[in-house]
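Overview (structure and organization)
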Amino acid sequence: MSSHSELKTSQDVHLRAKQIKSLIRSLKQKIKKIEREGEVAPANCHIIRYQVNGKGTIYWYYKLQAAESIFPMVTNNEKKTKYKYLGRAGSSAHIDAVEKLTRRNLIDELERVIQSLTESYLDIYIGTETE
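As a starting point, this report considers the structure included with it. (Residues numbered from 1 in each chain as written. Predicted model: local features only at pLDDT ≥ 70, side-chain atom pairs only at ≥ 80, totals over all residues. Heavy atoms only, no water.)

With that settled, consider the environment of Glu 111. If you trace the backbone, Glu 111 turns up in helix 2 (residues 92–130). Separated by 84 residues in sequence, Glu 111 and Leu 27 have C-alpha atoms that sit 8.2 Å apart. (Helix = DSSP H or I, 4+ residues; strand = E, 2+ residues; numbered from the N terminus.)

With that settled, consider the sheet that holds strand 1 (residues 45–54). Strand order in the open sheet formed by three strands is 1-2-5, and the pairing between neighbours is antiparallel. Pairing within the sheet leaves two strands with one partner each, and these edge strands are strand 1 and strand 5 (83–87). Strand-to-strand twist of the sheet, defined as the mean angle between neighbouring strand axes without regard to direction, takes the value 30°. Summarising the sheet, strand 2 (residues 57–66) and strand 5 pair through four bridges and their orientation is antiparallel. Bridge pairing links Gln 65 to Tyr 83 in strand 5. (Pairing = 2+ DSSP bridges. Axes fitted to C-alpha atoms, helices over the stretch in contact; angles between N-to-C directions.)

When the charged atoms of two side chains lie near each other, side chains of opposite charge can form a pair. Per the stated rule, a full pass over the model turns up five salt bridges. Among the salt bridges present, the one from Lys 100 reaches Glu 39, with a minimum N-O distance of 3.4 Å. Here Lys 100, found in helix 2, pairs with Glu 39, found in the loop between helix 1 (2–37) and strand 1; they are 61 residues apart in sequence, far enough to count as distant. For Glu 39, a relative accessible area of 53% puts it in the exposed group. A salt bridge links Asp 96 to Lys 100; its shortest N-O distance comes to 3.0 Å. Of this pair, Asp 96 and Lys 100 both sit in helix 2, separated by four residues, roughly a single helical turn. (Salt bridge = Lys/Arg side-chain N within 4 Å of Asp/Glu carboxyl O. Buried < 20%, exposed > 50% of the residue type's maximum accessible area, 1.4 Å probe, protein only.)

The structure is reproduced here in C-alpha cells:
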C-alpha cells in the first residue's frame, strides 16, 4: 500500500511540475509576442509630467526618465542624459513613449510571474526530497 501512495505522490509531483513548465513556456511566448508588436522602452523608465510657466499661462510637457543616463543629449550625441523630451500630451513622441512603456511594463510583470513560477517549480522538487 505504501508504494501505491508513493507512486501517486510521484505522479502528482511530476504533473504539477509539468503544468508549471507549460505555464512558463506560455508566458515566455506572450513576452515574445509583445516584443514583436513594437519597440520596448528601456528598463527602469517612466514618464514624467512637468509644468512650465510662460507669460501668464501654464504649459504641461512630458519627458521619459530613466534611472541612468541612457538617452543621447540633443545638443551632443556623444553625451548621455536621463531624460528624453516628449513634448505635449498627445504628441507623437508622447504616444510612442506611452506605447513603448506599456510594453515594458507588461514584459516586466510577466518576467516577475515567470520568476515566481520558477521558484515554485524548484519548491516542488525540494519539498519532495524532505518528505
